[in-house]
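Take a look at the letters that make up each chain.
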Amino acid sequence: MRKLYVLLLGLLLGWQAAPAHAADNGSWSVYPVASKIAARPYFYLSADPGQTLTDKVAVQNKTGGPLTFRLYAADAYNTARDGGFAVRTAGEHMLGVGAWAKPAKSRITVPGHRTVTVPFTLRVPEGAAPGDHPGAVVALDERVDPGSGRLALGVQRAVGARVYLRVGGPTLPALSVGQVHLSHHQPLVPGLGASTATISYTLRNTGNVTLDPKVELKARGLFGRTLLDRELTRVPSELLPGQRVRLTETWHGAPQLDRGDVTLTASAPGTRQSASASFLALPWLAVALVFVAGLAVGVLLVRARRGRVRRSARGRPSPRVRTTPSRPRSSPSARP
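Bear in mind that the values here come from a model prediction, so they are computed numbers and not experimental data. (Residues numbered from 1 in each chain as written. Predicted model: local features only at pLDDT ≥ 70, side-chain atom pairs only at ≥ 80, totals over all residues. Heavy atoms only, no water.)

**Considerations on the overall build of the protein**
Looking only at helices and strands, the protein features 2 helices and 19 strands. Put simply, 70% of the contacts in the protein that link residues at least 6 apart link residues at least 24 apart. Carbon and sulfur atoms provide 55% of the accessible area of the protein, an area that totals close to 20,200 Å². (Helix = DSSP H or I, 4+ residues; strand = E, 2+ residues; numbered from the N terminus. Contact = heavy atoms within 4.5 Å. Areas by Shrake-Rupley, 256 points an atom, 1.4 Å probe, with all protein chains shown as cover.)

See below:
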């Protein structure tokens, strides 16, 4: 029987205690070559439209044997799950750094416990939009670790050094928050258990620079009572230009009987926006039981009233019918 292979790409873009704070997965690391002044955690580049930059990336092999890598540049994006920093795979369409940066070598072999330095060129086109264009220079291991079983999961690993490129021109920080939705999770019997609410919303960077957004959540009940007021922590620290993420926040101890609204305010230097949604918290099981009980009582009252009407109709005597006496006709012979 043939196996179905699924290729999973594991890409590491973080940094650890390695040369120049390299992105490191334990077997190899990728990092910018240190400048004359100091080591660099990432590539921080600035260019005007039409300008060409050159730089160098280092790939360090931490294993005892040689490793072969495919080198390529890629555009960055925010993951839909948590807004994390991620990059496109080699086969995807690139529009920024992934299309403009070209390593001098697309394939390198690094001996065990050695480091290979590769220059790359970044050509910014004339019509490039101003603002931030994040990406990475990625070293992809050509080996595929096979899985086992009927569904074999082949895993390829990659490590990338981040590239933060800013193209000269006007910058516009802009942030939007919307599509706020609140769903309640309440105990069946009111008061017997805690209730929670899940607040979901969409956060989008509509400008052309990377933002570090802050989001405040406020909830108010009847008569303007403050039920919740806090700053959210599960927010991406880097929201890239043009990217949107769908985020959720759990509200423990949400009211079980109240009516009000929740307001989310997203802000970053130079931009601020809010969005709200109303909610109605009711113990629906209790409401349903009260409704059913009220319906049953109403049916019983209607039946009792109809029974009284029937009994009253049977006991009441029928009214006498008056007869109209007939008027006698006069005979012609009786006329004088």
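Past the structure itself, the notes keep going.
**Thoughts on the sheet that holds strand 14 (residues 196-205)**
On the basis of which strands lie adjacent, the open sheet formed by 3 strands has the order 13-14-17 and antiparallel pairing. The strands lining the two open edges of the sheet, one partner per strand, are strand 13 (175-185) and strand 17 (244-252). Averaged over all pairs of adjacent strands, the angle between strand axes in this sheet comes to 20°, irrespective of strand direction. Both strand 14 and strand 17 contribute to a ladder of 9 bridges, which runs antiparallel. Within strand 17, the residue paired with Ser200 across the bridge is Thr248. (Pairing = 2+ DSSP bridges. Axes fitted to C-alpha atoms, helices over the stretch in contact; angles between N-to-C directions.)

**With respect to the pairing of strand 5 (residues 52-61)**
Among the 10 residues of strand 5, 7 are classified as buried, and the element is accordingly described as predominantly covered. Examined bridge by bridge, strand 3 (residues 28-32) and strand 5 share 5 bridges and lie antiparallel to one another. Looking at strand 5, one finds that Trp28 is bridged to Asn61. Taken together, the 9 bridges between strand 5 and strand 10 (residues 115-123) define a ladder with antiparallel strand orientation. Counterpart to Thr54 in the pairing with strand 10 is Thr121. (Buried < 20%, exposed > 50% of the residue type's maximum accessible area, 1.4 Å probe, protein only.)

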